[in-house]
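# What the coordinates show
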Amino acid sequence: MSCGIHFHILTLFPEMVSEGLASSILGRAIQNGHISLETVNIRDYTVNKHKKVDDYPYGGGAGMLMQAQPVYDACMAVEERIRARRAGQMGSAGEAACIDMAGRARVIYVTPQGRHFNQSMAEELAKEEDLIFLCGHYEGIDERVLETVVTDQVSIGDYVLTGGELPAMVMIDAISRMVPGVLKNEESAEFESFHDNLLEYPQYTRPEIWRGMSVPKILLSGDHAKIEAWRLEQSEERTRRVRPDLYEIYSRKERALGYLMRDKLGHMDMIEAIRRGQAHIQYADEEGVLLKDEPSGAWMVSAVDVDMGERLLSLIPRKERDHLLLVVHQKFLVESIARRFGKTYVNVCRQAVYTRKTAPWQEEDFCIHTIQEEEVDAVYHHYAYHGVHSREDLAQRIRAGEMYGLYEDGQLAAFGGFHPEGSMGMLEVLPAYRRKGYGAALERYLIARALEKGRTPFCQVFEGNEPSLNLQKKLGLRLASSPLYWIS
Ligand code: ADE
């Protein structure tokens, strides 16, 4: 059996974490190999002869800061072990000589300054193979090492604890119970509090009558469809009453998906942003949707007519308007935007969606793996002519482990990856390697990766790029009936 998720915790108090997670359900999950836990004492990596790991902050101020060096070295040691383990797995499976690193592991810094942890983040993180948690102490950690190694900053709430160990343990608990096999009854992780932003419905067990109070009759009826409907109703009612904030998110999402599913192919970018929990839905009803995709910062809009479009555009907060990036799904919105915001730069794209459940990829004789940071310049050199992504955009995608290279005799021959909002793209075959089917191979690989993560693979092709449109059709992607417009 393969381990669902490997947790690596960088801490000054390793026993607090290893002992805290050793009993009950997580203890059993570790014993059974459903998850693994590696605690790493940051102090073991300091080069200071007195084993010191902290110092005073420059500019003065209260308390001590953890220094960059031991944190960096501890993190690099963990990343090296992850690489070695993955290489070993490939070797022992007797698969291709090429090692697929499947991306750099996410490094989560637990801090009150981070994004709030919630159930959808737990679900998203549960899909990772490795997660590295960095626990701070004292007044924090030198900013430079955070900028160098950390991919996510996450908080468990608006209160300050003495260190990051308890928050890391809270997150590990919530993430682990989403890993298949950790809970005995897999159903229970799926249909309970916070699934889909709804609180849990009331539950009852024997006896049927207790202190004169009966179990609701419907639960004794044996009619499962009716019971499901009753439970959903109860969940909705309870959420509306107790957590109106959650209910608003739930109902906005329902309204948004209701509208967007009317043209699934044309709206897959918005649908995926919502499904992946990365969309802030600003407005949704049966006449249009406005959302902000957080990772890309893009505002996505779709409306049935100009009036609705104008209404939605007016909801974009003023402070966002200086560096606005928009994806609009109707041509009339392009004109509205030009009127509202003045000079704009427009890219017209056609969305293509892979709607099948199985990937067109089997283990093939191609060497494909994530691109390493040292290769940024080579990638930029071959991609710059499109004029759509800066070197920094590409570097950021590479650092996130979202860019893949196809290699021939160890040389980069083609590359491609996932944009921050989730679409496949940045696909380029280097001139010397064209006409060998490398572009198609790489895209098939990207499709497989997306499906593996439970996503619907999609891409956006520049209107008029016939070779790429033909490739999408050949690979089984379905084209939307009308274009969409990226506007900056
Ligand atoms: N470290 C200290 N307090 C924290 C919190 N509330 N969330 C995450 N990390 C923390």
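The rules we used
Residues numbered from 1 in each chain as written. Predicted model: local features only at pLDDT ≥ 70, side-chain atom pairs only at ≥ 80, totals over all residues. Heavy atoms only, no water. Helix = DSSP H or I, 4+ residues; strand = E, 2+ residues; numbered from the N terminus. Rg over C-alpha atoms; globule rule 2.2 N^0.38 Å. Buried < 20%, exposed > 50% of the residue type's maximum accessible area, 1.4 Å probe, protein only. Contact = heavy atoms within 4.5 Å. Areas by Shrake-Rupley, 256 points an atom, 1.4 Å probe, with all protein chains shown as cover. Lys, Arg positive; Asp, Glu negative; His and termini not counted. Charge placed at Lys NZ, Arg CZ, Asp CG, Glu CD. Near = heavy atom within 4 Å. Polar contact = N/O pair within 3.5 Å; in protein donor to acceptor, adjacent residues only side chain to side chain. Nonpolar A, V, L, I, M, F, W, Y, C, P; charged D, E, K, R; others polar. Arc of directions from axis to C-beta. Salt bridge = Lys/Arg side-chain N within 4 Å of Asp/Glu carboxyl O. Patch = residues over 30% accessible without salt bridge, like charges linked within 9 Å, V, L, I, M, F, W, Y side chains within 5 Å. Core = buried A, V, L, I, M, F, W, Y, C linked by side-chain atoms within 4.5 Å. Axes fitted to C-alpha atoms, helices over the stretch in contact; angles between N-to-C directions. Parallel < 35°, antiparallel > 145°, perpendicular 65-115°, else oblique. pLDDT = per-residue confidence, 0-100. Left-handed = near helix turned anticlockwise from the far one by under 90°. Pairing = 2+ DSSP bridges.

## Thoughts on the overall build of the protein
Broken down by element type, the protein carries 16 helices and 21 strands. Relative to its length of 488 residues, the protein is compact, with a C-alpha radius of gyration of 25 Å against a globular reference of 23 Å. The principal-axis extents of the C-alpha atoms in the protein amount to approximately 70 × 65 × 55 Å. The burial tally for the protein puts 47% of its 488 residues in the buried class. Long-range pairs, those at least 24 residues apart, make up 69% of the contacts in the protein between residues at least 6 apart in sequence. Of the roughly 25000 Å² of accessible surface on the protein, a fraction of 51% belongs to carbon and sulfur atoms. Here the protein holds 57 positive side-chain charges and 71 negative ones, and the gap between their average locations is 3 Å.

## Here's the deal with the site of the ligand
Close to the ligand lie Val110, Thr111, Pro112, Val154, Ser155, Ile156, Gly157, Tyr159, Val160, Leu161, Gly163 and Pro167. Taking Leu161, its main chain carries an N or O atom lying 3.0 Å from a nitrogen atom of the ligand. Relative to its unbound accessible surface of 260 Å², the ligand loses 95% to contact with the protein. Within the residue set of the shell around the ligand, elements represented by two or more residues are β5 (106-116) and β7 (152-155). For the shell around the ligand, a count of residues per class yields eight nonpolar, four polar and no charged.

## Considering helix α11 (residues 306-314)
For α11, the full list of buried residues reads Met308, Gly309, Leu312 and Leu313. Down the axis, α11 shows its buried residues gathered within 135° of arc, on one side only. Against the buried residues of α11 lie β10 (279-285), β11 (288-293), β12 (298-303), β13 (326-328) and α12 (331-341).

## Describing the pattern of salt bridges
According to the stated counting rule, one finds 29 salt bridges in the structure shown. Salt-bridge contacts for Asp55 lead to Lys52; the nearest nitrogen and oxygen are separated by 3.6 Å. Given the relative accessible area of 31%, Asp55 is considered partly exposed. Taking the shortest distance from any N to any O, the salt bridge between Glu452 and Arg449 comes out at 3.1 Å. Taken together, the residues span about one helical turn, with Glu452 and Arg449 both in helix α15 (residues 438-452) at a distance of three residues. With relative accessibility at 12%, the residue Arg449 sits in the buried group. Residues joined by salt bridges that share partners form a network here, namely Arg85, Arg86, Glu129 and Asp130.

## Points about a nonpolar patch on the surface
Together, Phe13, Met16, Tyr159, Leu161 and Leu166 make up a nonpolar patch on the protein surface, roughly 440 Å² of accessible area in all. Along the polypeptide, Phe13 turns up in the loop between β1 (5-11) and α1 (14-20).

## Here's the deal with the nonpolar core
Counting 41 residues, the largest nonpolar core has Ile371, Val379, Met403, Leu406, Phe415 and Leu477 as the members making the most contacts within it. Where this core is concerned, the elements lending two or more residues are α13 (376-383), α14 (391-399), β16 (403-408), β17 (411-418), β18 (424-429), α15, β19 (458-462) and α16 (466-474). In terms of residue count, the dominant contributor to this core is α15 (ten residues). Filtering out sequence-adjacent residues up to four positions away, Val379 remains in contact with Ile371, Leu394, Ile398, Met403, Leu412 and Phe415.

## Overview of unusual backbone geometry
Each neighbour pair has its own omega, and for Arg206 with Pro207 the value is 5°, a cis peptide bond. Along the polypeptide, Pro207 turns up in the loop between α7 (187-190) and β8 (209-210). The phi dihedral of Ser24 is positive, around 55°, even though this residue is not glycine. Examined against the element boundaries, Ser24 turns out to sit in helix α2 (residues 24-31).

## Quick word on the packing of helix α8 (residues 224-242) against helix α9 (residues 244-260)
Closest axis-to-axis distance for the α8/α9 pair is 5 Å, and the angle between their directions is 130°. If you check the angle between α8 and α9, you find them oblique. Residues Leu232, Glu236, Thr239, Arg240, Arg241 and Val242 of α8 lie in contact with α9, whose contacting residues are Pro244, Leu246, Tyr247 and Tyr250. Looking at side-chain class alone, the contact of α8 with α9 contains six nonpolar, one polar and three charged residues.

## So, a negative patch on the surface
Residues Glu286, Glu287, Asp305 and Asp307 make up a contiguous surface patch of negative charge. When you line up the elements, Asp305 lands in the loop between β12 and α11. Judged by relative accessible area, which is 33%, Asp305 ranks as partly exposed.

## A closer look at the side chain of Ser176
Within the secondary structure, Ser176 is located in helix α6 (residues 165-176). We classify Ser176 as buried; its relative accessible area is 0%. Among the polar contacts listed, one links the side chain of Ser176 to the backbone oxygen of Ile172, at a separation of 2.7 Å. Setting aside its immediate chain neighbours within four residues, Ser176 contacts Phe7, Leu26, Ile35 and Val182.

## Re the confidence of the model for the protein
Scored by pLDDT, the protein comes out at a mean of 93, with 95% of its residues at no less than 70. For residues 93-101, every residue scores under 50 in pLDDT, and the model assigns this stretch 18 contacts once sequence neighbours within four places are set aside.

## What about the packing of α13 against α14?
Each pair of packed helices can be described by the angle between their axes along with the distance between the axes. Orientation of α13 relative to α14, taken along the N-to-C sense of each, is 130°, at an axis distance of 10 Å. Taken as axis vectors, α13 and α14 run oblique relative to one another. The crossing of α13 and α14 is right-handed. Touching Val376, Asp377, Val379, Tyr380 and Tyr383 of α13 are Arg391, Leu394, Ala395 and Ile398, all from α14. Taken together, the residues that form the contact of α13 with α14 break down as seven nonpolar, no polar and two charged.

## Section: the sheet that holds β5
Spatially, the five strands line up as an open sheet ordered β2-β1-β6-β5-β7, and their pairing is parallel. Both outer strands of the open sheet, β2 (35-41) and β7, are each paired with one neighbouring strand and no more. If you compare each strand with its neighbour and ignore which way they point, the axes differ by 30° on average. Here α6 sits on the sheet and contacts β1, β2, β5, β6 (130-135) and β7; the angle it forms with β6, its principal contact strand, is near 160°.

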